[in-house]
Amino acid sequence: MSKISNFGAYIAEARNRGELVVQPRMGFASPELMRAGLDATRGAGPRVVGTVTLDSFTRTGQFLRAGRAIASGESLNGYPLVSHADSSNSLLLRDMDLDAFPVQVRHGSPKPQEIFRTMLRFGLTVSEGGPVSYCLPYSRVPLRESIDAWAEGCQILADGGQGSAHLETFGGCMLGQLCPPSLLVALSVLECLFFVENGIRSVSLSYAQQANPQQDLDAILALRTLAEEHLVDIDWHVVLYTFMGVYPKTTDGATALLRASAELAATSGCERLIVKTTVESQRIPTIAENVAALRIAANAAHGVPRSARLPSSEVLHDAAALINTTLSLKSTVGESLHEAFRLGLLDVPYCLHQDNRNQTRTSIDSDGSLRWASTGGMPLPAQSRPDERGGAADRLLQMLSFNQHRFDALQPRTLTGGLSDR
């Protein structure tokens, strides 16, 4: 094992204590409010990670526009790290022990170089994203440009982080509620291999909770198996995202879904959970609502036994096929990713980016399991036929809203405890 990063050491200590690390998705434009959010997060429990989520102007490289918004008092949907004055960014982190309370910068950019440079000036070395996962769903930037930009960004972060750099792939969240788990698992592993290829020695693999707990458990166990195989001598852990699709409208339903995600994280061995709040379907949550979600998740995960089950051979086999096929194409991971999407060997369903074939389609079973209805050119067998009742838009809406209807309709007590009993 190579030298563990500060962030990796924090996660490892929590793992050794049997504690799930919980983290919000929080971003405010002003340094004062963002600092208040970090302070509140730090006080939410013994094992928490702070989040600084950047605004959409910064994400798309419009730094001057973000600066004008700061000057005019225009509302922004996150923290404009690159465009704030150094004095504002210094206030954000003043007297904060980042070893005892890690802070991750979340951004969504296909070209992260300037974000990483700015982070490093203030001692921040933990971020996330990826050349595919922050390109295809969110931008019109050609995949080739994103791969090159992320290669440079990784090297900037690795060189400036002096052993503390950590990157989390967003690949396991790529339109998560619309992708069968094999593709999410494969993209998560491939993006982490790309980070390692470009100098990062501490990584985390992501997976987004879907609509069937057993399928999710199988997927996370498969992800861990593949990480053990491919990330040798690398510091790594797994992070689960509470469901990212259409969220329940009722407080009881939203709370039950959050608790179910915490239980899934604990039983599958995930070290970290990125939560959602009970007001996701209504508005942007307050600091207090984020803190409440962190505490709900930590309490729900406490004492849940870890599963001893072997991963599903189907998920493991299919994800391994996607990974191995991709890595066989070229001499580097970056070139292999580009070639795999060019040939349609990797293909994200319903993603309209110019460099994605968009020939794959999915369907959802009555129990919430996501299946391939059409695999396009990917080296996978189709798992089901599309439900021909209703049009494509109806089927898409069914997948997006499955968890909302399920959790709003059932009593909370019937939605927790399922996996921990196995």
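Since the structure is predicted, the reported quantities are computational estimates derived from the model, not experimental observations. (Residues numbered from 1 in each chain as written. Predicted model: local features only at pLDDT ≥ 70, side-chain atom pairs only at ≥ 80, totals over all residues. Heavy atoms only, no water.)

*Asks:* How do you make sense of the overall build of the protein when you look at a structure like this?
*Replies:* Looking only at helices and strands, one finds 14 helices and 10 strands in the protein. Out of the 422 residues belonging to the protein, those deemed buried represent 59%. Total accessible area on the protein is roughly 16300 Å²; 50% of this is exposed by carbon and sulfur atoms. (Helix = DSSP H or I, 4+ residues; strand = E, 2+ residues; numbered from the N terminus. Buried < 20%, exposed > 50% of the residue type's maximum accessible area, 1.4 Å probe, protein only. Areas by Shrake-Rupley, 256 points an atom, 1.4 Å probe, with all protein chains shown as cover.)

*Asks:* Teacher, can you tell me more about the sheet that holds strand β6 (residues 202–208) here?
*Replies:* In any sheet, the strands associate via hydrogen bonds between backbone groups, in a parallel or an antiparallel arrangement. In spatial order, the strands read β1-β8-β7-β6-β5-β4-β3-β2; together these eight strands make up an open sheet with parallel pairing. Of all strands in the sheet, those with a lone pairing partner are β1 (21–23) and β2 (50–53), marking the two edges. Across this sheet, the average inter-strand angle for adjacent strands is 25 degrees, counted without regard to direction. Of the pairings in the sheet, the one linking strand β3 (residues 103–106) to strand β4 (residues 126–129) comprises two bridges and is parallel in character. Pairing of Val105 across the sheet is with Ser127, part of β4. Contacts from helix α7 (residues 143–161) reach β4 and β5 (166–169) within the one sheet, and its direction differs from that of β5 by about 145 degrees. Packed onto the sheet, helix α8 (residues 181–197) meets β4, β5 and β6 and runs at close to 165 degrees relative to β6. (Pairing = 2+ DSSP bridges. Axes fitted to C-alpha atoms, helices over the stretch in contact; angles between N-to-C directions. Contact = heavy atoms within 4.5 Å.)

*Asks:* For this particular structure, what's the right way to read the pairing of β4?
*Replies:* Looking down a regular strand, the side chains alternate between one sheet face and the other. In β4, alternate side chains face the same way, and those of Val126 and Glu128 on one face and Ser127 and Gly129 on the other are all buried. Note that the unit made of β3, helix α6 (residues 113–121) and β4 has a crossover that is right-handed. By the bridge criterion, four bridges tie β4 to β5 in an arrangement that is parallel. Bridge pairing in β5 places Ser127 opposite Leu167. (Right-handed = clockwise from strand over helix to strand, strands pointing away.)

*Asks:* Hey, could you run me through the layout of surface pockets in this one?
*Replies:* Its volume calculated, the largest pocket comes out at about 960 Å³. As for the largest pocket, its lining consists of 34 residues, and the residues nearest its centre are Arg25, Thr53, Asn77, Lys276 and Glu280. Of the residues belonging to the lining of the largest pocket, the class tally is 15 nonpolar, 11 polar and eight charged. Residue lining of the second largest pocket: 26 residues in total, with Ala14, Gly18, Glu19, Leu20 and Ala301 positioned closest to the centre. Counting residues per element, the lining of the second largest pocket draws most heavily on helix α11 (residues 287–301), which supplies five residues. Here the residues of the lining of the second largest pocket are counted per class, giving 13 nonpolar, six polar and seven charged. (1 Å grid on protein atoms, 1.4 Å probe; cavity = no way out; pocket = protein on both sides within 12 Å on 5 of 7 lines; lining within 4 Å. Points joined across faces, edges and corners; volume = space filled by probe spheres on them. Nonpolar A, V, L, I, M, F, W, Y, C, P; charged D, E, K, R; others polar.)

*Asks:* Explain the packing of helix α10 (residues 251–268) against α11 here, please?
*Replies:* Describing two packed helices takes the angle between their axes plus the distance from one axis to the other. At a minimum axis separation of 8 Å, α10 and α11 run at an interaxial angle of 50 degrees. Looking at the two axes, α10 sits oblique to α11. Of the two elements, α10 crosses α11, and the hand of that crossing is right-handed. Residues Thr255, Leu258, Arg259, Ala262 and Ala266 of α10 lie in contact with α11, whose contacting residues are Ala293, Ile296, Ala297, Ala300 and Ala301. Of the residues in the contact of α10 with α11, the class split is eight nonpolar, one polar and one charged. (Parallel < 35°, antiparallel > 145°, perpendicular 65-115°, else oblique. Left-handed = near helix turned anticlockwise from the far one by under 90°.)

*Asks:* Is there a simple way to think about the pattern of salt bridges in this case?
*Replies:* Two side chains that carry opposite charge are able to pair once their charged atoms sit near each other. For the structure shown, the criterion picks out 20 salt bridges. Among the salt bridges present, the one from Asp86 reaches Arg121, with a minimum N-O distance of 3.1 Å. Residue Asp86 is located in helix α5 (residues 86–93), and its partner Arg121 is located in helix α6; the two are separated by 35 residues in the primary sequence. Through salt bridges with shared partners, a single ionic network connects Glu13, Arg17, Glu19 and Arg47. (Salt bridge = Lys/Arg side-chain N within 4 Å of Asp/Glu carboxyl O.)

*Asks:* How do you make sense of the packing of aromatic side chains when you look at a structure like this?
*Replies:* Given two aromatic rings, one states the distance between the centres and the angle between the planes to describe the pair. One pass over the structure, following the stated rule, counts seven aromatic pairs. Three or more aromatic residues link up through ring pairs in this structure, and these residues are Phe116, Trp150, Phe194 and Phe195. In this arrangement the basic side chain of Arg47 is found over the ring face of Tyr10, its NZ or CZ atom lying 5.0 Å from the centre. (Phe/Tyr/Trp six-rings, centres within 6.5 Å; stacked < 30°, edge-to-face > 60°. Lys NZ or Arg CZ within 6 Å of the ring centre and 35° of its normal.)

*Asks:* Please explain the side chain of Thr362 as it appears in this structure.
*Replies:* Summarising the element assignment, Thr362 is placed in strand β9 (residues 361–364). Exposure remark for Thr362: the relative accessible area of 5% places this residue in the buried category.

*Asks:* Looking at this structure, how should I read the environment of Val48?
*Replies:* Tracing the backbone shows Val48 in the loop between α2 (31–42) and β2. Owing to a relative accessible area of 3%, Val48 belongs among the buried residues under this scheme.

*Asks:* Before we go on, may I ask you to explain unusual backbone geometry in this structure?
*Replies:* Most peptide bonds take the trans configuration, and most residues that are not glycine carry a negative phi. The phi torsion at Asp95 lies on the positive side, around 60 degrees, for a residue other than glycine. By the element assignment, Asp95 lies in the loop between α5 and β3. Classification of Asp95 as exposed rests on a relative accessible area of 75%. The backbone phi angle of Asp233 is positive, close to 65 degrees, even though this residue is not glycine. Turning to its location among the elements, Asp233 is positioned in the loop between α9 (213–230) and β7 (235–241).

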